[in-house]
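Chain residues, written in single-letter form:
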Amino acid sequence: MTDLMAANPSRPARPRKRREIAVGIAVSVVILFVLVAIFAEQLAPYGFATIDLRARNAPPALFGGSFTHILGTDELGRDILSRLMISVRVSLIVSVLACLIAATIGVTLGLAAAFLKGWVDSLIRVAIDFNASVPFLIFALAILAFFGNNIVLFVVLLGTYGWERYARLVRALALVEYEKGYVLALRRLGASELSIAVKHVLPNVAAIIIVNMTIALPEIILLESGLSFLGVGIQPPLASLGNMVGLGRDYIVTSWWIATIPGIAIFALTLSISTIGDWLRDVTDPSLK
Amino acid sequence: MTRAVLIAFARLFITVLLAVTFVFIILRVSGDPARALLPLDAPEEQIEAVRAEWDLDKPLPQQYLTYILKLASGDFGLSMNDRQPALQVVAEKIPATVLLMGTGLVIAFTVGSALGLIAASFRGRAPDRLIMSLAIFVHSIPSFLFGILLILLFAVALRLLPSGGGPSPLHLLMPAAVIGLSQAGVVARFVRSSTLEVLAQPYITVAGLKPLPRWYFIRAHVLPGSALPLLTLFGFSLGGIIAGAAIVESVFAWPGVGRFLVFSVARRDVAVVQTIVVLVATMMAFANLMTDLLYAFFDPRVRTS
């Protein structure tokens, strides 16, 4: 068919249409989530912490409940839809910030490694060895045990997830860029190494960094919600998708919707972002696969 | 061969040392280690005793050395749990976790390899697309949601299985399934691509000319070539399974190390947490060692070099 799919030998040309539909749906879901996160206060029918003890454990509208609480209420009578909207905002802000931190650390070190070499290179190798020795979730749990929990530490901690991937990628790409004629020309013109790295090399590798971020973001969302689910991430009274599931877990036998609805929201979000990320990767550079 | 073995052991040593160093650093940075290693209500004399015993009043390099020697001798401090030695409390919970992870691994690799092989042999057709979509699906679903959905189905609606507790074979089924199936997607993707790579090799084209039954052709010619890279995946997915165990054990109240870790983090039981971190690192390092050695043993290309 066209060059896009032909560039990727592992996929035949025919299901291209199907994939475009899937990506279209995924993009719509992500846009919906982002809009909800931005306008959470305006959209939410109730306050996210408003307790209504007379309306405790009300099921969702289609499962025997009423339309006053479309997604039902929790054990304290708080409206699930309203809590869900605030949680989407909290989870998205935390995860996107963490993703940006990881990318910044990784890109900086990767660029530094490409033209400083030496100890930065060694540091990255040690970090990769360490990453291979302890799973990130266990590492995160250990840090939270030693330092206690607060939201700034939590975001920074999540921000250390996956930085070495950017570092390795950017280092490799930058080394290639440095061999190109334009860098040589810039050097002759007297540009400093720093300005070559930031103003000229960085924009040329930006697209690949963004693709990598799209692939890392769902993993960070799963980490955030996993830790919050375990009760060591985002703490009440603040709501996040993970801690909604964690708090609702005690009621699954009597009120399944309290834990299940935010769980499905996480799933929809991560699945959509993964779909977009995979597609972007295939479109931009099939050799990365 | 000898060189490969030596390198593998050096890697084991370095990764464990890295983990111990990491714990030492955060223990030092996060506050008073003597207090951290003891229960909150420990008397002042006991804190002083620990300070002297762990050389905490000496210069840093000596502290570090003492710390390594202490851990090597099995002394990780006292747990808040009845003030028992942390290592002992953790060790009691290891068998349950090993049983869960072992079952999970078996499920992940049998289901994953089977699906990956099927996908590869139906490349581009409906079974392939279905399996690959499923792989993305299980990769994106949070394991706690997966667990809760299974509980709703098998424990609440059908009343076939207990919702949590254990350890017993009936209690094992659901958590092992969650751990195994979450990883099976990764295994399937991996097996698919490594099988496709093998199928493109010239020797396969030659073997394909022989009048062999399809299953025999796959078993004798395709599998040996595509199975070896699975060893690499083993070390990689072990990390995922350990991390998964912490969440899944909590969902199903499985009495293992993962649930205990989460419990101890919430209570800030530092002695227990450092024990588990070092144990996990040691275990992963051993898994990597085994991978390296098996590679050296099975792959003629590595064996002879």
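Counting of residues starts from 1 at the beginning of each chain's written sequence and follows it residue by residue. Chains and ligands are labelled sequentially in the order written, the chains with letters from A and the ligands with numbers from 1. Selection of residues for local features in this predicted model requires a pLDDT of at least 70, selection of side-chain atom pairs for listing and counting requires 80 or more, and totals for whole chains, interfaces and linings are taken over all residues.

**Q** Is there a simple way to explain the overall build of chain B in this structure?
**A** Numbered from the N terminus, helices here are DSSP runs of H or I no shorter than four residues, and strands are runs of E no shorter than two. Across its full length, chain B holds 13 helices and zero strands. Viewed in the frame of its principal axes, chain B has a C-alpha envelope of about 80 × 60 × 30 Å. Whether a residue is buried, exposed or partly exposed is read from the other C-beta atoms within 10 Å of its own C-beta, which are placed from the backbone; 20 or more gives buried, 12 or fewer gives exposed, and intermediate counts give partly exposed. When each of the 305 residues of chain B is scored for burial, the buried share is 40%. Looking at chain B alone, contacts between residues at least 24 apart form 73% of all its contacts between residues at least 6 apart. Residues are defined as contacting one another if the C-beta atoms placed from their backbone atoms lie within 7 Å.

**Q** I tried to follow the overall build of chain A on my own but got confused; where do I start?
**A** Within chain A, the secondary structure is distributed over 12 helices and zero strands. Along its sequence from the N terminus, chain A presents helices and strands in the succession α-α-α-α-α-α-α-α-α-α-α-α. Along the three orthogonal principal directions, the C-alpha set of chain A runs to about 75 × 55 × 35 Å. Considering chain A as a whole, with its 289 residues, one finds that 43% of them fall into the buried category. Of the contacts formed within chain A by residues at least 6 apart in sequence, a portion of 69% connects residues at least 24 apart.

**Q** Explain the packing of helix α5 (residues 86-121) of chain B against helix α8 (residues 169-199) of chain B to me, please; I cannot follow it from the model alone.
**A** Residue and element names in this part refer to chain B. Only the stretch in contact is used when fitting a helix axis, every axis being a line fitted to C-alpha atoms; angles between N-to-C directions are given from 0 to 180 degrees. Relative to each other, α5 and α8 sit at 35°, their axes nearing to 5 Å. Here the hand of the crossing between α5 and α8 comes out right-handed. Charged residues are taken to be Asp, Glu, Lys and Arg, nonpolar residues to be Ala, Val, Leu, Ile, Met, Phe, Trp, Tyr, Cys and Pro, and polar residues to be all remaining types, Gly included. For the contact of α5 with α8, the residue count by class is 24 nonpolar, eight polar and two charged. By the definition used in this description, the sense in which the near helix is turned from the far one sets the handedness, with an anticlockwise turn below a right angle giving left-handed and a clockwise turn giving right-handed.

**Q** It is not clear to me how the packing of α5(B) against helix α6 (residues 126-140) of chain B should be interpreted in this structure. Could you clarify?
**A** Axis angle and axis distance: for two packed helices, these are the angle between their axes and the distance between the axes, and together they describe the pair. All names here are of chain B. Relative orientation of the contacting elements α5 and α6 amounts to 140°, with a least axis distance of 7 Å. Comparing the axis directions of α5 and α6 gives the class oblique. The way α5 lies across α6 gives a crossing that is left-handed. Residues L115, I118 and A119 of α5 touch α6, and the partners they reach there are P127, D128, I131 and M132. Looking at side-chain class alone, the contact of α5 with α6 contains six nonpolar, no polar and one charged residues. Note on terminology: angles under 35 degrees are roughly parallel, angles over 145 are roughly antiparallel, angles of 65 to 115 are roughly perpendicular, and the others are oblique.

**Q** Where do I start with the confidence of the model for chain B in this structure?
**A** Low pLDDT means the predicted coordinates in that region are not meant to be read closely. Scored between 0 and 100, pLDDT is the confidence that the predictor attaches to each residue. Scored by pLDDT, chain B comes out at a mean of 83, with 96% of its residues at no less than 70. For chain B, per-element mean pLDDT is lowest for helix α13 (residues 300-304) of chain B, which scores 60, and highest for α5(B), which scores 90.

**Q** Looking at this structure, how should I read the environment of B:N288?
**A** Residues and elements named next belong to chain B. Mapped onto the elements, N288 comes out in helix α12 (residues 270-298). C-beta crowding within 10 Å serves as the criterion here: with 22 such atoms nearby, N288 is assigned to the buried category. As for N288 and T232, which are separated by 56 residues in sequence, their C-alpha atoms are 8.3 Å apart. Beyond its immediate sequence surroundings of up to four residues, N288 is in contact with R11 and G235.

**Q** What's the story with the interface of chain A and chain B in this structure? I'm lost.
**A** Note on interface size: it is often stated as the accessible area lost on association of the parts. Taken together, the 39 residues of chain A in the interface contact 41 residues of chain B. Looking at the side of chain A that touches chain B, the elements that each hand over two or more residues are α5 (118-133), α6 (136-147), α10 (193-229) and α12 (257-284) of chain A. The greatest single-element share of the side of chain A that touches chain B, amounting to nine residues, is contributed by α6(A). The residue makeup of the side of chain A that touches chain B, split by class, is 27 nonpolar, 10 polar and two charged.

**Q** Which parts of the structure should I look at to understand the nonpolar core?
**A** Where a protein is soluble and globular, its nonpolar side chains tend to be buried together. In terms of nonpolar packing, the biggest core is built from 155 residues, with A:I138, A:L141, B:A19 and B:V277 touching the most fellow members. Broken down by element, the residue count for this core peaks at 18 residues, all from helix α4 (residues 80-116) of chain A. The contact partners of A:L141, leaving out residues within four places of it in the chain, are A:V232, B:A246, B:L261, B:V262 and B:V265. In this usage, the nonpolar core is the set of buried Ala, Val, Leu, Ile, Met, Phe, Trp, Tyr and Cys residues whose C-beta atoms join them within 7 Å.

**Q** Sorry, what's going on with the environment of A:R125 here?
**A** Along the chain, the position of A:R125 falls in helix α5. Spatially, the C-alpha atoms of A:R125 and A:E164 are 8.9 Å apart, while their sequence positions differ by 39 residues.

**Q** Can you walk me through helix α11 (residues 241-248) of chain A in this structure?
**A** What sets the pattern is the α-helix's 3.6 residues per turn: residues three or four places apart point alike. Within α11(A), eight of the eight residues are buried, leaving the element largely enclosed by the surrounding structure. Of the positions making up α11(A), those classed as buried are A:L241, A:G242, A:N243, A:M244, A:V245, A:G246, A:L247 and A:G248. On its buried face, α11(A) is in contact with α4, α10 and α12 of chain A together with α7 (143-157) of chain B.

**Q** I would appreciate a short explanation of unusual backbone geometry in the present structure.
**A** Leaving glycine aside, a negative phi is the common case for residues, and trans is the common case for peptide bonds. A:P237 follows A:P236 through a cis peptide bond whose omega is 10°. Tracing the chain through its elements places A:P237 in the loop between α10 and α11. A positive phi angle is found at B:A253, which is not glycine, with a value near 50°. With respect to the helices and strands, the residue B:A253 is situated in the loop between α10 (214-251) and α11 (257-267). A count of 15 C-beta atoms within 10 Å places B:A253 in the partly exposed class. For B:R268, which is not glycine, the phi dihedral falls at a positive 55°. Structurally, B:R268 is set in the loop between α11 and α12.

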